Structure formats: C-alpha cells, structure tokens
Amino acid sequence: MSDVIIPDVEITSDVVLAETVENAEPAVNYSEKTLVELIRLFEELVQNEERMKMSKEAEAIKSAFYKRLQKEKSDAGLVSAEVAEPSDEMVEADVEAAETVEVSDDPFVEIERGFKEIYNRYRKERAEYNRQLEQEREQNLAMKEAVIADLKALLEKQEDVNATFPAFREIQNRWRAIGPVPAQNYRNINETYQLYVEQFYDMVKINRELRDLDFKKNLEAKEQLCEQAEKQ
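Residues numbered from 1 in each chain as written. Predicted model: local features only at pLDDT ≥ 70, side-chain atom pairs only at ≥ 80, totals over all residues. Heavy atoms only, no water.

What follows concerns the pattern of salt bridges. For the structure shown, the criterion picks out ten salt bridges. Linking Arg 113 and Glu 110 is a salt bridge whose minimum nitrogen-to-oxygen distance equals 3.1 Å. Remark: Glu 110 and Arg 113 occur in helix α4 (residues 107-157); sequence separation between them is three residues, near one turn of the helix. Looking at Arg 113, the relative accessible area reads 15%, which means it is buried. Among the salt bridges present, the one from Glu 112 reaches Lys 116, with a minimum N-O distance of 3.4 Å. With Glu 112 and Lys 116 both in helix α4 and four residues apart, this pair spans about one turn of that helix. Accessibility classification places Glu 112 together with Lys 116 in one group, the buried group. Ionic contacts of the salt-bridge type, sharing partners, join the residues Asp 150, Glu 170 and Arg 174 into one network. (Salt bridge = Lys/Arg side-chain N within 4 Å of Asp/Glu carboxyl O. Helix = DSSP H or I, 4+ residues; strand = E, 2+ residues; numbered from the N terminus. Buried < 20%, exposed > 50% of the residue type's maximum accessible area, 1.4 Å probe, protein only.)

Have a look at this one:
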C-alpha cells in the first residue's frame, strides 16, 4: 500500500472587519478656531480623498462651529439664548429654505448659511456612500454564503483528502478575498464558515488515523510472514 501523505494544516480564522475603519478622535483642537477658519477646514475636508472616512472630524468641526457661533453672537449682544447645534434634517431644511430668502445684513446669518450649505452637501454625499457600502456588503454576504455552500458540498463528497485539498484551499482563498458583510450578519456567517472548516480538518485527522492504522496492520502482517519463513 502506498503511503498517502496528508499535508499538515492549521486552523485559521478569517477575520473581516464589519465596519469601515474611520480615523480616531480628531487631533486638532477646533475650539480654538474662528468661524472663518472652521469653514475653511470643512472646505478642505470635503476635498480630501478620504473624506468619507472622516465623519468624526466633520462632526467635530460642526460642533465647534456652533459653539463658536454662540459665543460670538453672545459677545456681539445679538443673542441671549443658547444657539443649539441643528440636526442634519434641520440643516437640510434650512438650506432649502435659504434658496428663497434674500441675503441678510446680519454677518452671522450669512456665515451660518454658508457653513450649512457645505455641510449639507457633505452629508448627502456620505449618505450615498453609506448606501453603496451597504449594498456592497449585502453582495459580499451572498458571495460568502455561496462559498459556504461549496465548502459544505466538498465535505459531503467524502472523497480522498488529497484530492479535495486543492479545492479546499481554493475555497479558503475565495473567502479571504471577499470584503466585509453587514454588521448584523458578521458573527453568524463567520461562525458557520469556521464550523465547516473545522469539520474538514476533523476529516483530515480521521483519514490520517485510518492511514496509520492500515499501515500498522500491514506492518504486523509482514512481520508475521517473516517469522513464519524463519521457522521453516
């Protein structure tokens, strides 16, 4: 009997990030910036190639802008109540309403209007980006489900391990090449895949043990034949 060689294998975990990694807390102290500087910083942000991953910076600039606006209005005696930072929906509504409003003599009104226009464009672009990202993740989920189906079919064939190993490796490569899936599906899809991977390696172990047992029996049979020949 020929000695069947089964490659040594190691169980690996294919970890895919569920969420797009965004930058950490902004390093810039925006509270020290003027209204004009904050608008300029936001204009630079919306021109940055990585702007879709800079939502924390965008929100930090927005928050700093309204805090500065409140302070400067208060210092100018134009407002006594706190200027609340508007929600995204309020910003959009104000931008749409501003299209039919004449230019104001109040410089703070025009400054705020200009910031809202820039911020609203960024917000809409990011909403579309997130929509496309979620669509891609749904597609990735379908692709990973197809990989799992192929892995399950490979296990059910119960063929010689040496014959199935190339197909198994190809399945692993396909899995690793697929991008993130929706966050709510991440744990379940990865646990299902890992379960079938472990089952494949269990099958490898069983085949190796059967091979070793078969080899041992053959060796014992050869030794018995040799003993019988020596006695004759």
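We are not done yet, so read on.
What follows covers the packing of helix α2 (residues 55-75) against α4. Any two packed helices are characterised by how steeply their axes cross, that is the angle between the axes, and by the distance between the axes. The N-to-C vectors of α2 and α4 enclose an angle of 165°; their axes lie 12 Å apart at closest approach. When the axis of α2 is compared with that of α4, the two are roughly antiparallel. Of the two elements, α2 crosses α4, and the hand of that crossing is left-handed. Contacts between α2 and α4 pair Ser 55, Ala 58, Glu 59, Ile 61, Lys 62, Phe 65, Tyr 66, Leu 69, Glu 72 and Lys 73 from the former with Phe 108, Ile 111, Glu 112, Phe 115, Lys 116, Tyr 119, Tyr 122 and Arg 126 from the latter. For the contact of α2 with α4, a count of residues per class yields ten nonpolar, one polar and seven charged. (Axes fitted to C-alpha atoms, helices over the stretch in contact; angles between N-to-C directions. Parallel < 35°, antiparallel > 145°, perpendicular 65-115°, else oblique. Left-handed = near helix turned anticlockwise from the far one by under 90°. Contact = heavy atoms within 4.5 Å. Nonpolar A, V, L, I, M, F, W, Y, C, P; charged D, E, K, R; others polar.)

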